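# Commentary on secondary and tertiary structure
Here are the chains, one letter per residue:
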Amino acid sequence: MRCADIVFLPLPGRNKPAIVVELKYNQTAQTAILQIKDKKYIDVVKDYTGDMILVGINYNKDKKEQGHSCKIERAKYPEDGK
């Protein structure tokens, strides 16, 4: 089973979202978000139901001023509408 680079799960009984993070290098933050969705990385937390935050982070060595970008999306598990 494949999994995201980092997964944070809240302690039981806490009303906090789970967080799924995918890291990329010299790509885009959107590519990282798409990989989380396309490869169904949120299935790894299938026993968790509730709000989730998907985070895509890209590091770009060629950019001098800002070497990273980040994209954050909200989701629910099971996935919205599925």
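Look up: the structure comes first, before these words.
The following refers to the structure shown. Each chain has its residues counted from 1, running along the sequence as written. With the structure being a predicted model, the display of local features is reserved for residues of pLDDT at least 70 and the display and counting of side-chain atom pairs for 80 or more, all residues being used for whole-chain, interface and lining totals. To get the side-chain values, all heavy atoms of the structure are used, and hydrogens and water are removed first.

## Section: the pattern of salt bridges
- Here, a salt bridge means any Lys or Arg side-chain nitrogen found within 4 Å of an Asp or Glu carboxyl oxygen. Evaluated as defined, the whole model comprises three salt bridges.
- Across the salt bridge formed by glutamate 22 and lysine 24, the nearest N and O atoms sit 3.9 Å from each other. There is no split in this pair, since glutamate 22 and lysine 24 are both buried.
- In this structure, the salt-bridge partner of lysine 37 is glutamate 73, at a minimum N-O distance of 2.7 Å. Remark: glutamate 73 occurs in strand 4 (residues 68-77) and lysine 37 occurs in helix 1 (residues 29-38); sequence separation between them is 36 residues. Buried, partly exposed and exposed residues are distinguished by accessible area as a fraction of the type maximum, computed with a 1.4 Å probe on protein chains only: under 20%, between the cut-offs, and over 50%, respectively. To qualify as a helix, a DSSP run of H or I must reach at least 4 residues; to qualify as a strand, a run of E must reach at least 2; elements of each kind are numbered from the N terminus.

## A short note on the pairing of strand 2 (residues 18-25)
- Strands are treated as partners if at least two bridges between them are detected by DSSP. Taken together, the three bridges between strand 1 (residues 6-8) and strand 2 define a ladder with antiparallel strand orientation. Bridge pairing links valine 7 to valine 20 in strand 2.
- In this structure, strand 2 lies alongside strand 3 (residues 50-59), joined through eight bridges in parallel fashion. Of the residues in strand 3, the one forming a bridge with valine 21 is valine 55.

## Quick word on unusual backbone geometry
- For asparagine 26, which is not glycine, the phi dihedral falls at a positive 60 degrees.
- Among the structural elements, asparagine 26 can be located in the loop between strand 2 and helix 1.
- Overall, the relative accessible area of 33% leaves asparagine 26 in the partly exposed class.
- Despite not being glycine, lysine 40 shows a phi value in the positive range, around 55 degrees.
- With respect to the helices and strands, the residue lysine 40 is situated in the loop between helix 1 and strand 3.
- The class for lysine 40 is partly exposed, based on a relative accessible area of 45%.

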